[in-house]
Amino acid sequence: MLTVAVQKSGRLSEKTMELLRECGINFQNGGREKLKAVATNFPMEILFLRDDDIPECVADGIAHAGVVGENVVKEKKRDVQVAHKLGFARCRLSLAVPKSMPFQSLADLNGRKIATSFPNILKEFLEKNAIQAEIHEINGSVEIAPSIGLADLIFDIVSTGSTLLSNGLKEVHTVMRSEAILITTPSLPAEAAELLDKLIFRIQAAQRAASYKYILLNAPNDSIEKISAILPGMKSPTVMPLAMEGWSSVHSVIKEDDFWEVIEKLKENGAQGILVIPIEKMIM
Ligand code: ATP
Ligand code: MG
């Protein structure tokens, strides 16, 4: 049985459960009040915890793996390792100052008081940059600290920056970037390690599927060679004759990121009737 710690409720919870569902792992009514859930079709158990407790729980062997933000892993300094990057809950940890506070360079932070929920990450950053500033640890609503006189500036999570803006703050320096990661311990029992590998294999298949699309198009036979070069696919595209003489149907996969550029080139080379379809799983 593989035990995985996930956030009980917060910004990671929904995406984490969605990822497990995409991996074909189902749970009986994962009610929020519960502390544990057992998968019905994979030897896996989920522990629902606060994200702050996940690194410790994995380091101590209570869970074999956990899903948590890189920022929390860095802050907690526990003996865990990254098993896989998950690509969601992307954010950055930044220094932000009130709009009225002059800021030219990091040296302006000397002698200032900084409010944060991530004192360890901040301390390391200040030391690395030889800045003497006071760290004031608070657990929530960090962004209001300057306006109530608790601190001069803040060090906090930013994603769009709209929370900062509405609190009269401006971001002045990004200290780290973060995304959700799957963590594990170096001393994993063999059976759990095998199950974790299976889980990661499924996660990769789901992640790949999400970043690729299946594409079908019709093309005159004399442009098949050019089109195949634009659409190499997993090995090479499938080419099938159409009932209409001189035409073929070409099937392949393309990266979502390259999509619009590729479509332009295909059209320039005579492609018609282009269909683009989502992929559910993709195994290389
Ligand atoms: P808990 O109650 O479990 O302690 P929390 O309040 O500490 O939850 P959340 O706000 O749910 O934490 O955020 C969890 C993680 O999601 C953060 O540590 C960070 O990695 C990421 N995150 C936080 N805010 C954002 C955001 N605005 N956009 C994207 N990711 C974010
Ligand atoms: Mg937390």
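Quick note: structure is the one above.
Okay, so let's go over this structure. These figures come from a predicted structure and were not determined experimentally.

### Remarks on the site of ligand 1
Inspection of the region around ligand 1 gives 16 residues, with R11, R50, D51, D52 and N71 positioned closest. Protein chains bury 76% of the 640 Å² of accessible surface belonging to ligand 1 in isolation. Looking at the shell around ligand 1, its residues break down into five nonpolar, six polar and five charged. Viewed by domain, the shell around ligand 1 spans two of them, domain 1 (2-89 + 179-188) and domain 2 (91-177), each represented by three or more residues.

### Description of helix 6 (residues 190-211)
Three- or four-residue spacings in an α-helix give side chains the same orientation, since the helix completes a turn every 3.6 residues. A rise of 1.5 Å per residue sets the reference length of helix 6, with its 22 residues, at 32 Å; its end C-alpha atoms lie 32 Å apart and thus fit the reference within 8%. Turning to helix 6, its buried residues number three or more, namely A192, L195, L196, L199, I200, I203, A205, A206 and A209.

### Concerning the environment of G233
Within the secondary structure, G233 sits in the loop between helix 7 (224-230) and strand 13 (238-241). Sequence separation between G233 and V253 is 20 residues; the distance between their C-alpha atoms is 4.8 Å. Leaving out residues up to four positions away in the same chain, G233 has contacts with S252 and V253.

### Observations concerning the coordination of the magnesium ion (ligand 2)
Surrounding the magnesium ion (ligand 2) are the protein donor atoms D51 (OD) and D52 (OD), at 2.0 to 2.1 Å. Note on D51: relative accessible area 19%, which makes it buried.

### Overview of the sheet that holds strand 12 (residues 212-220)
On the basis of which strands lie adjacent, the open sheet formed by four strands has the order 13-14-12-15 and antiparallel pairing. Only two strands of the sheet have a single neighbouring strand rather than two, namely strand 13 and strand 15 (272-278). Strand-to-strand twist across the sheet, computed as the mean angle between neighbouring axes with direction ignored, equals 20°. For strand 12 and strand 14 (residues 247-255), the ladder comprises nine bridges, and the chain directions are antiparallel. Following the sheet pairing, P220 is matched in strand 14 by W247. Sheet contacts for helix 6: strand 12 and strand 14; angle to strand 12, the most-contacted strand, approximately 45°. Along the sheet face, helix 8 (residues 259-268) touches strand 12, strand 14 and strand 15 and points at about 160° away from the line of strand 15.

### Section: the pattern of salt bridges
Oppositely charged side chains can form a pair if their charged atoms are brought close together. Throughout the structure, instances matching the rule amount to 11 salt bridges. Of the charged contacts in the structure, one is a salt bridge between E45 and K36, with a shortest N-O distance of 3.6 Å. Notably, a salt bridge pairs D52 with K76, separated by 4.0 Å at the nearest N-O pair. Of this pair, D52 sits in the loop between strand 3 (44-49) and helix 2 (54-59) while K76 sits in helix 3 (residues 70-76), and the two are 24 residues apart along the sequence. The partly exposed category is assigned to D52, whose relative accessible area is 27%. Looking at K76, the relative accessible area reads 32%, which means it is partly exposed. The network of salt bridges with common partners includes R50, D52 and K76.

Each value, and the rule that gives it
- All residue numbers refer to positions counted from 1 along the written sequence of the respective chain.
- For this description, chains carry letters from A and ligands carry numbers from 1, given in the order in which they are written.
- Whole-chain, interface and lining totals are the exception, using all residues; otherwise, since this is a predicted model, local features are given only for residues with pLDDT of at least 70 and side-chain atom pairs are given and counted only at 80 or more.
- In computing side-chain properties, one takes all heavy atoms of the structure into account and sets aside hydrogens as well as water.
- Whether a residue is near a molecule or strand is decided by its heavy atoms; if any one of them lies within 4 Å of it, the residue is near.
- Accessible areas in this description were obtained via Shrake-Rupley with a 1.4 Å probe; residue shielding takes into account the shown protein chains only.
- Three classes are used, and their members are as follows: Ala, Val, Leu, Ile, Met, Phe, Trp, Tyr, Cys and Pro are nonpolar, Asp, Glu, Lys and Arg are charged, and the others, Gly among them, are polar.
- By convention here, the domain bounds are inherited from an automatic or database domain assignment.
- What counts as a helix is a DSSP run of H or I of at least four residues, what counts as a strand is a run of E of at least two, and both are numbered from the N terminus.
- The span one expects for a helix is its residue count, reduced by one, times 1.5 Å.
- The cut-offs for exposure are 20% and 50% of the maximum accessible area for each residue type, with area from a 1.4 Å probe on protein chains only; residues under the lower value are buried, those over the upper are exposed, and the others partly exposed.
- Contacts between residues were defined by any pair of non-hydrogen atoms, one from each residue, lying within 4.5 Å.
- Coordination partners: N, O, S within 2.8 Å of the metal, 3.2 Å for Na, K and Ca; water not considered, so apparent gaps in a site are possible.
- Note on pairing: DSSP must find at least two bridges between two strands before they are called paired.
- Lines are fitted to the C-alpha atoms to define the axes, a helix being fitted only along its stretch in contact, and any angle between axes, read from their N-to-C directions, falls within 0 to 180 degrees.
- Here, a salt bridge means any side-chain nitrogen of Lys or Arg that lies within 4 Å of a carboxyl oxygen of Asp or Glu.

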